[in-house]
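Here is what each chain is made of, one letter per residue.
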There are 2 protein chains.
Amino acid sequence: MDKKEAQVMEWTTVVAQKVIALVELTKKVLIVYAHQSSASFSAAAKDAAVEVLTAQGCTVEVSDLYAMNFKATATAEDIKGDVKNAENFRYLEETRLAFEEGKLSDDITKEQSKLTEADLVIFQFPMYWFSVPAIMKGWIDRVLTSGFAFSKEKRYSQGVFKDKKAMLSFTTGSLESMFSSTGINGDMNVTLWPLQNGILHYCGFQVVAPQVFWAPSCATPEARSCMLEGWRTRLQGLLEEKPLSFIALDCFDDKAFQLKPDVHKEHDSKEFGLTVGIHLGKPLPPHSQMKAGC
Amino acid sequence: MDKKEAQVMEWTTVVAQKVIALVELTKKVLIVYAHQSSASFSAAAKDAAVEVLTAQGCTVEVSDLYAMNFKATATAEDIKGDVKNAENFRYLEETRLAFEEGKLSDDITKEQSKLTEADLVIFQFPMYWFSVPAIMKGWIDRVLTSGFAFSKEKRYSQGVFKDKKAMLSFTTGSLESMFSSTGINGDMNVTLWPLQNGILHYCGFQVVAPQVFWAPSCATPEARSCMLEGWRTRLQGLLEEKPLSFIALDCFDDKAFQLKPDVHKEHDSKEFGLTVGIHLGKPLPPHSQMKAGC
């Protein structure tokens with residue numbers, strides 16, 4: 001090898017190393033998005049996330065559920081070939097088996113691959129009836145297959161996705177005051193518990209505080225722009241945000257899954273419950289489903 | 001008219017009156033049912049409800065969502081003909097208009113007719129991810145149209161369906177201990193709040209205590225029979241059960257929808273919050289989403 005060849009070799013190695021480093025550094029983001037119209041506020045919020053995160057060097061993938069005509073209902077068609085027990089079809093068991101045997105339908109495995117790749121998942125949607133729209137619930141019901149997204153051993157703080165982050169980003173029809181502990185719809189922290197604890201944290205995700213766009217349809221164009229600007233600013237540091245607090249799995253016994261007596265005792269003198277759901281009969285910890293460090 | 005004719009006339013009148021009285025007395029029940037298999041525990045629970053309520057003289061209608069291949073996703077196809085704003089399609093507004101103009105799709109209007117007729121609605125389902133399966137969320141998102149099921153004035157205790165009752169009847173995958181305020185999944189009362197307050201009570205329904213079948217898939221055949229027997233017994237008196245407690249709409253002001261100062265003050269000295277969501281920073285009222293009179 002002459003000097004010139006050696007030089008080229010060296011440069012090539014350096015470039016290759018940099019490419020590898022860049023790939024490793026590049027965070028992957030999956031946006032699961034549910035709105036029918038590309039002119040909606042939800043679409044603008046999704047677009048802002050794509051733009052800001054891409055500019056930061058992230059690879060951003062969007063699952064646009066309505067555009068994909070994503071199948072929402074959990075049926076035997078989600079399994080390729082024969083099911084194990086057609087007479088007494090049980091979706092949870094059948095899809096766990098199908099996952100193990102590589103027999104889940106292609107639309108499910110495609111979403112599972114995106115999820116496996118992702119470091120952060122953002123669910124962007126308009127709140128429908130205190131929850132996600134049915135098409136997004138369908139994504140949750142069908143993609144988060146037993147065996148893939150959780151098992152009896154791997155859930156909550158020991159969950160399959162414990163090295164990933166996830167968050168809800170949504171619009172409401174109601175004003176913020178209505179979703180308080182003295183407002184007509186009740187505390188938003190309560191409404192978010194089944195979604196953030198029961199789905200996201202259940203699968204192990206570190207749950208980043210939700211982005212709530214309060215009633216954009218009632219707001220002026222200036223106020224809507226302001227909401228989006230706030231979201232763009234937040235997106236700059238989103239990947240470094242600390243997640244919400246939940247209770248570690250080993251705080252519970254492994255039979256009845258009750259809080260261990262020593263953990264319970266340790267919190268006896270505390271003013272607030274541990275979380276919204278695991279409240280021990282005490283007042284709920286304020287803002288714990290809305291802000292990190294609460 | 002001779003004596004014989006008069007006699008016939010009298011009998012006819014009596015029979016007609018009895019028929020009218022019977023029709024008026026006959027309660028109508030709608031069961032919105034979501035399970036893929038007729039051999040499931042959920043199917044058995046649904047069948048028990050049909051049988052016991054029919055035997056009581058009720059007219060029972062079942063919407064078997066999977067069998068109907070019920071469309072779960074909220075799209076522009078739910079509206080017959082042109083939508084008002086195709087570029088910026090907003091489901092809530094478009095379906096409200098379509099309802100007013102009689103342009104909602106036939107599958108939606110059919111369910112709305114059943115709902116209008118019903119005195120009691122039972123939602124029978126296996127709990128998926130701390131909530132209803134997507135196909136049932138789709139029924140909720142699509143059938144409970146703005147204008148039909150609620151308006152700004154007609155909601156909560158003044159809701160459209162305030163003379164009807166509704167209840168959740170569902171199976172869980174988890175044991176009861178896991179869904180407590182010291183259990184790993186947290187208090188079931190919290191998990192039920194978005195469904196029972198945010199959907200059922202929002203539309204005005206008097207919410208009857210839920211029927212929870214704890215982990216039938218983990219139970220022995222004897223224990224499952226016992227659960228069904230308990231349900232059959234409960235069904236005998238179901239129509240006379242007192243509903244769960246919620247807060248009357250006029251306890252809130254009509255601008256920010258905050259609890260009025262006098263109502264708030266009245267509860268200052270009380271040990272517990274008013275409801276799970278409107279908890280005033282106090283401990284949650286125990287069992288309030290699970291039992292009437294709590």
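Just above, that's the structure.
Residues numbered from 1 in each chain as written. Chains lettered and ligands numbered in written order. Predicted model: local features only at pLDDT ≥ 70, side-chain atom pairs only at ≥ 80, totals over all residues. Heavy atoms only, no water.

**Q** Please provide a residue-by-residue account of the overall build of chain A, values included.
**A** Within chain A one finds 8 helices and 6 strands. Starting at the N terminus, the α and β elements of chain A follow one another as α-β-α-β-α-α-β-α-β-α-β-β-α-α. Residues classed as buried in chain A amount to 53% of the 294 residues present. When contacts within chain A are restricted to residue pairs at least 6 apart in sequence, long-range pairs at least 24 apart make up 72% of them. Seen as two clouds, the 32 positive and the 37 negative side-chain charges of chain A have centres 2 Å apart. (Helix = DSSP H or I, 4+ residues; strand = E, 2+ residues; numbered from the N terminus. Buried < 20%, exposed > 50% of the residue type's maximum accessible area, 1.4 Å probe, protein only. Contact = heavy atoms within 4.5 Å. Lys, Arg positive; Asp, Glu negative; His and termini not counted. Charge placed at Lys NZ, Arg CZ, Asp CG, Glu CD.)

**Q** Before we move on, could you go through the nonpolar core and cite the residues and values that matter?
**A** The biggest cluster of nonpolar side chains holds 138 residues, and the ones touching the most others in it are Leu-115, Trp-139 and Leu-144 of chain A together with Leu-115, Trp-139 and Leu-144 of chain B. Once residues within four sequence positions are removed from consideration, Leu-144 of chain B is found in contact with Trp-129 of chain A together with Leu-115, Trp-139, Ala-149, Phe-150, Phe-161, Ile-199 and Cys-203 of chain B. (Core = buried A, V, L, I, M, F, W, Y, C linked by side-chain atoms within 4.5 Å.)

**Q** Outline the packing of helix 4 (residues 106–117) of chain A against helix 5 (residues 134–143) of chain A, listing residues and values.
**A** The angle between the axes and the distance between the axes are what describe a pair of packed helices. Residue and element names in this part refer to chain A. Remark: helix 4 packs on helix 5, axes separated minimally by 10 Å, with the N-to-C direction vectors making an angle of 85 degrees. What the angle tells us is that helix 4 and helix 5 run roughly perpendicular. Note on element contacts: helix 5 touches helix 4 through Trp-139, Arg-142 and Val-143, opposite Asp-107, Ile-108, Glu-111, Gln-112 and Leu-115. Split by residue class, the contact of helix 4 with helix 5 holds 4 nonpolar, 1 polar and 3 charged. (Axes fitted to C-alpha atoms, helices over the stretch in contact; angles between N-to-C directions. Parallel < 35°, antiparallel > 145°, perpendicular 65-115°, else oblique. Nonpolar A, V, L, I, M, F, W, Y, C, P; charged D, E, K, R; others polar.)

**Q** Describe the pairing of strand 4 (residues 165–171) of chain A, naming the residues involved and giving the relevant values.
**A** Residue and element names in this part refer to chain A. The buried fraction of strand 4 is high, at 7 of 7 residues. In strand 4, alternate side chains face the same way, and those of Lys-165, Met-167, Ser-169 and Thr-171 on one face and Ala-166, Leu-168 and Phe-170 on the other are all buried. For strand 3 (residues 120–126) and strand 4, the ladder comprises 7 bridges, and the chain directions are parallel. Within strand 4, the position partnered with Leu-120 by the bridge is Lys-165. Once the chain exits strand 3 it traverses helix 5 before rejoining the sheet at strand 4, and the crossover so formed is right-handed. Inspection of the sheet shows strand 4 paired to strand 5 (residues 206–207) by 2 bridges, in the parallel sense. Across the sheet, the residue bridging to Ala-166 is Val-207, located in strand 5. Looking at chain direction, strand 4 and strand 6 (residues 211–213) are connected through 3 bridges and run parallel. Looking at the pairing, Thr-171 lines up with Phe-213 of strand 6. (Pairing = 2+ DSSP bridges. Right-handed = clockwise from strand over helix to strand, strands pointing away.)

**Q** Give a detailed account of the pattern of salt bridges, specifying residues and quantitative values.
**A** Tallying each qualifying case throughout the model produces 24 salt bridges over all chains. A salt bridge links Lys-46 of chain A to Asp-47 of chain A, with the shortest nitrogen-to-oxygen separation between them at 2.9 Å. Since its relative accessible area comes to 39%, Asp-47 of chain A is described here as partly exposed. Among the salt bridges present, the one from Glu-93 of chain B reaches Arg-90 of chain B, with a minimum N-O distance of 3.5 Å. (Salt bridge = Lys/Arg side-chain N within 4 Å of Asp/Glu carboxyl O.)

**Q** Account for the packing of aromatic side chains, with residues named and values stated.
**A** This model, assessed by the stated rule, comprises 32 aromatic pairs over all chains. Look at Tyr-156 of chain A and Tyr-202 of chain A: their rings are 5.0 Å apart centre to centre, the planes differ by 70 degrees, and that puts the pair in the edge-to-face class. Of this pair, Tyr-156 of chain A sits in the loop between helix 5 and strand 4 while Tyr-202 of chain A is found in the loop between helix 6 (188–201) and strand 5, placing the two residues 46 residues apart along the sequence. In terms of burial, Tyr-156 of chain A and Tyr-202 of chain A fall into one category: buried. Arranged with centres 6.1 Å apart and planes meeting at 85 degrees, the rings of Phe-213 of chain B and Trp-231 of chain B form a pair that is edge-to-face. One end of the pair, Phe-213 of chain B, is in strand 6 (residues 211–213); the other, Trp-231 of chain B, is in helix 7 (residues 221–237), and 18 residues separate them in sequence. (Phe/Tyr/Trp six-rings, centres within 6.5 Å; stacked < 30°, edge-to-face > 60°.)

**Q** I'd like a description of the pairing of strand 3 of chain A, backed by residues and values.
**A** All names here are of chain A. Taking burial as the measure, the 7 residues of strand 3 include 7 buried ones, the bulk of the element. The side-chain alternation of strand 3 yields two buried faces, one formed by Leu-120, Ile-122, Gln-124 and Pro-126 and the other by Val-121, Phe-123 and Phe-125. Pairing of strand 1 (residues 28–33) with strand 3 involves 5 bridges; the strand directions are parallel. Opposite Val-29, over in strand 3, you have Leu-120 as the bridge partner.

**Q** If you had to explain the interface of chain B and chain A to someone new, which residues and values would you point to?
**A** Counting residues at the interface gives 70 residues for chain B, matched by 70 residues for chain A. The contact between chain B and chain A buries some 5400 Å² in all, and 62% of this surface belongs to carbon and sulfur atoms. Sorting the residues of chain B by area buried against chain A places Trp-129, Thr-182 and Ile-184 of chain B first, and these three jointly supply 17% of that buried surface. Our enumeration of links across chain B and chain A arrives at 0 salt bridges. The interface formed by chain B and chain A includes 34 residue pairs in polar contact (both at pLDDT 80 or more). (Buried area = accessible area lost by both parts, 1.4 Å probe. Polar contact = N/O pair within 3.5 Å; in protein donor to acceptor, adjacent residues only side chain to side chain.)

**Q** Please set out the relation of the copies chain B and chain A residue by residue, giving values where relevant.
**A** In the superposition of chain B on chain A (RMSD 0.1 Å, axial shift 0.0 Å), the rotation amounts to 180 degrees. On this basis, the relationship between the two copies can be described by a two-fold rotation axis. Taking C-alpha positions as reference, the residue of chain B nearest the rotation axis is Pro-283 of chain B, located at 2.1 Å. Mapped onto chain A, 100% of the interface residues of chain B again fall at the interface, so both copies present the same surface. (Least-squares fit on C-alpha atoms with pLDDT ≥ 70 in both.)

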